Amino acid sequence: ASPRSTPVPTPKPTIKPPQPEPEPRPKPGPKSVTFPVWKGKPSGASQDFGRAPKAGVHPRVWFGPDRLPELRRLLLDTPQSCDDDLCHKPNAEVAGAAGFLYMKMRILTGRYNEPMMDGKSRFSNLFDRLKKGDTSSGALNDLKKLGGSIGHEQAAKGGAGYWGMYGLLAGANFAGLIKEEEQFNRKELATALASMCILHNKFYKQDNGDKFHHDAQVDLGLAYDFAASYMSESQKKPCRELIMKMIRGRKEIGQEGYLGAPWRTNWNHQGWHEHIVVLALSVYGEPGTDGEPERFMKECLEVQTKWFDYGISEGGYGREEIYYFNLGLMWAQPAQLAIARYGDKYNLVQKSWLGNERIYRQMLYHFYTKMIPGSTFTSFSGGNDPPRAQTMWQYLFPNDPIAHFNFQNAYWNDLWGDNALQMATFAVEPMKTLSMKEVAEAKNLPLSWMCRDRGRMIAKSSWDDDALSVDFEMRLDTYRSGHIASQPNSFYLYALGQAWIVKNDLYGDSYESSSMILIDGKGCSGVENGAKWMMPGMWNDYKHSETGITMGSADADVSYTYESTCLGGTKCTDNPGFKSKSFGLKTDMFYQDWMEEDVGYKLLTLRNPMAYAHRTVQLVRGKTPFVLVTDDYKKDDDDTHSFTWYVNVPNGAYQTYLSDSVIEESSKRNEIVLRRQGPGGDGNGAPRLLMRLVDWDGSIDKDLAFVKANVKSVRTGSSKSLSRIMITTSSKVGRFRFFFCPFREGEKIPTTSFDKSKETLSVGLSAGTRRFKYVAGKDGRTIVSEL
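Which residues make up the state of the cysteines, and what values do they have?
For the structure shown, the criterion picks out one disulfide. For C197, the disulfide goes to C239, at an S-S distance of 2.2 Å. Taking the sign of the torsion about the S-S bond as the criterion, the disulfide between C197 and C239, at about 95°, is right-handed. Of this pair, C197 sits in helix α7 (residues 186-201) while C239 sits in helix α9 (residues 233-247); the two residues are 42 residues apart in sequence, bridging distant segments of the chain.

Just give me the short version of the sheet that holds strand β24 (residues 782-786), but keep the residues and values in it.
Judged by pairing direction, the sheet is antiparallel, and its four strands sit side by side in the order β21-β22-β23-β24 without closing on themselves. The two strands at the open ends of the sheet, each matched to only one other strand, are β21 (751-754) and β24. Pairwise comparison of adjacent strand axes, ignoring direction, gives a mean angle of 20° for this sheet.

Can you lay out the environment of P398 for me, pointing to particular residues and giving the numbers?
Relative to the assigned elements, P398 resides in the loop between α16 (387-396) and α17 (401-408). The buried category is assigned to P398, whose relative accessible area is 15%. As for P398 and Q47, which are separated by 351 residues in sequence, their C-alpha atoms are 6.7 Å apart. For P398, the residues in contact, after removing those within four places along its chain, are A45, S46, Q47, V428 and M431.

Can you lay out the nonpolar core for me, pointing to particular residues and giving the numbers?
By size, the foremost hydrophobic cluster in this structure holds 136 residues, and its most contacted members are M165, F174 and L193. Ranked by the residues each element gives to this core, the list is headed by helix α13 (residues 322-340), at twelve residues. Every residue in contact with M165, bar those within four places of it in the chain, is listed here: M116, F123, L126, F127, L130, L146, S149, I150 and M196. Core analysis: the second largest hydrophobic core is formed by 52 residues, Y542, L619, Y633 and F736 among them.

So what's going on with unusual backbone geometry? Which residues, and what values?
Of note, the amide linkage connecting H58 to P59 takes the cis form, showing an omega dihedral of -5°. In this structure, P59 sits in the segment before α1 (68-76). The residue N444 is not glycine, and still its phi comes out positive at about 55°. Structurally, N444 is set in the loop between α19 (436-443) and β1 (448-451). The backbone phi angle of K758 is positive, close to 65°, even though this residue is not glycine. Checked against the element boundaries, K758 lands in the loop between β21 and β22 (760-765). By relative accessible area, K758 is classed as partly exposed at 31%.

Calculation notes
Residues numbered from 1 in each chain as written. Predicted model: local features only at pLDDT ≥ 70, side-chain atom pairs only at ≥ 80, totals over all residues. Heavy atoms only, no water. Disulfide = S-S within 2.5 Å. Helix = DSSP H or I, 4+ residues; strand = E, 2+ residues; numbered from the N terminus. Pairing = 2+ DSSP bridges. Axes fitted to C-alpha atoms, helices over the stretch in contact; angles between N-to-C directions. Buried < 20%, exposed > 50% of the residue type's maximum accessible area, 1.4 Å probe, protein only. Contact = heavy atoms within 4.5 Å. Core = buried A, V, L, I, M, F, W, Y, C linked by side-chain atoms within 4.5 Å.

None of this, on its own, says anything about what the molecule does.
Encoded structure:
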């Protein structure tokens with residue numbers, strides 16, 4: 001068990017008789033709440049949304065006539081050219097104006113969409129007919145030829161101001177409302193929208209009923225709201241009739257069993273499909289609406305209260321995997337702001353604890369995932385956070401440093417992307433550009449964030465731009481939402497302005513995305529072989545010291561032992577007896593009363609039975625910060641097994657949200673140094689990461705090495721080339737003791753050495769030596785503490 005161990009042939013596996021099904025290992029600990037949770041409040045007053053005007057007065061959905069002077073000032077008192085500096089760079093100082101100009105550019109000339117006013121596109125040709133009041137069969141045929149591009153089949157694309165014919169009309173009518181120009185002539189735009197409604201009324205039918213509401217075109221409602229003040233009653237009537245066809249009789253997603261047990265199916269569609277509420281409120285109280293908008297408003301209040309209550313953990317994490325939770329936010333927040341204008345009863349975001357705690361804490365999670373200060377890169381699956389959510393938060397809390405920082409550092413898909421219209425409609429006064437350190441100091445934020453409900457820890461060495469950050473997760477809840485992406489015992493590392501160990505996104509339910517240990521070539525549960533979702537696990541411990549060490553330790557035993565679907569041809573267990581509280585924190589159990597309920601794992605495949613699968617991650621602060629990762633993995637027998645340890649590193653060819661790949665600089669049998677590829681990657685002072693395996697059990701079959709792995713996504717069927725650091729050993733217990741230390745070219749590389757007893761690790765640094773004690777625990781976990 002030392003770097004000098006001599007390789008020995010791997011013994012042939014012993015054929016064992018069938019083993020009895022193991023009892024579920026997770027045992028609930030005492031019901032206590034001791035982990036600290038940051039309970040900060042928004043800074044300054046929240047936005048005054050105003051009250052919706054009386055029925056028939058427009059605009060009304062997100063703002064009323066009283067806000068038009070302010071919007072015109074925010075959007076027009078800036079340079080009126082969409083040059084690269086204004087429209088094609090994240091510029092939070094004039095974001096509303098930039099979004100407004102960018103949207104107009106997409107309408108006039110296009111960028112990645114077909115424009116409506118270039119005189120060439122199919123949209124432009126149709127618009128030329130519609131603005132003249134043409135409702136002939138020829139115009140009808142041109143409209144039908146658009147197919148799904150009449151609007152957009154995905155609700156997420158609504159509200160951008162340029163996707164589909166309705167999106168283009170919504171953006172154009174907003175532009176005309178703000179400032180009438182030759183291209184944005186209000187009379188022509190009103191005529192075009194009315195003609196569109198007359199034609200679409202002739203063949204529109206509801207699709208999918210109460211399931212998915214994608215055919216309910218929110219952009220039609222927005223276009224109507226922006227144009228209604230200069231439309232005649234005869235022009236309004238066909239649009240109201242069409243909107244009512246889209247919404248009449250439908251129920252919100254979540255009006256069935258969800259409201260009775262929202263923890264079971266708390267998923268993004270409860271928010272994503274709230275776009276139908278925005279559509280409904282565009283005709284609130286008008287002739288022929290029969291109270292349907294009012295009904296939708298009440299249903300929205302019911303669903304959104306439960307979705308935010310059960311959808312956001314106390315630490316601020318979306319209980320459905322975060323990328324999918326953000327899909328829900330795309331329309332949940334705009335709908336919440338729309339109904340909030342109808343009185344305190346409907347004002348979830350300001351007048352309830354949800355707004356002041358859950359919604360605000362959601363921003364905190366996004367702040368901590370900005371793993372590289374000064375960069376838009378974040379640590380969660382997909383590598384980005386949709387700007388639409390950040391726009392809403394900045395509008396909700398315009399004086400709050402976290403809200404503004406998240407907005408100014410959001411990942412911009414084509415910079416203003418699918419957020420342009422809402423960036424303009426929810427424009428706020430510019431704020432000073434803030435650094436991560438300034439925000440942390442202003443809000444008195446700790447250097448570590450832990451969501452005990454989700455099972456995720458993010459720790460930073462400091463708030464400086466060169467800080468070392470580590471992200472460690474072992475999902476421990478069992479909410480029955482999709483995309484839970486437990487990523488068992490996975491960790492990611494960032495330092496010196498560079499991502500070094502990352503989550504390669506192959507959809508969150510694939511263990512290939514994780515930092516993983518394979519036992520005999522087999523990882524934890526996931527979508528492999530048709531299984532549904534990864535199984536959760538347990539946390540052993542979490543401790544934090546602002547000036548010392550942040551430590552997280554978790555056990556992925558269940559994630560390996562069981563598969564969450566009973567597959568044909570494999571041995572299954574039909575009564576594992578899991579309750580929601582079976583997954584949690586061994587010594588600090590946090591659960592609500594409903595967690596006594598059976599979690600529904602009636603049939604499970606016995607996949608890869610383990611005795612334990614412990615990983616402990618420690619960030620050690622100091623002049624030279626570093627990370628210790630200690631792994632103790634054992635099968636449920638005493639045989640020798642193959643243990644393949646790997647982490648994923650940035651691969652620019654696949655991870656397009658990273659500017660450069662990470663490549664090997666130098667390596668030894670148990671050590672590798674990584675550097676970034678591209679500008680700044682070479683020369684004195686260039687960033688480096690040292691990865692050193694300081695101790696292990698058994699023999700090394702394959703040295704620590706940089707490899708390319710071709711991995712097939714089970715869900716998509718496509719193959720991806722991933723870059724990894726891997727090592728394979730043979731032993732009865734997979735024990736790995738890793739040391740990670742960022743440094744710059746030209747600096748002295750730290751030394752590491754164990755004493756003869758293999759219990760004390762000495763780390764030699766420029767500022768002196770630090771010593772750590774490694775002690776075996778009764779549960780198989782190694783306890784590491786500084787001497």
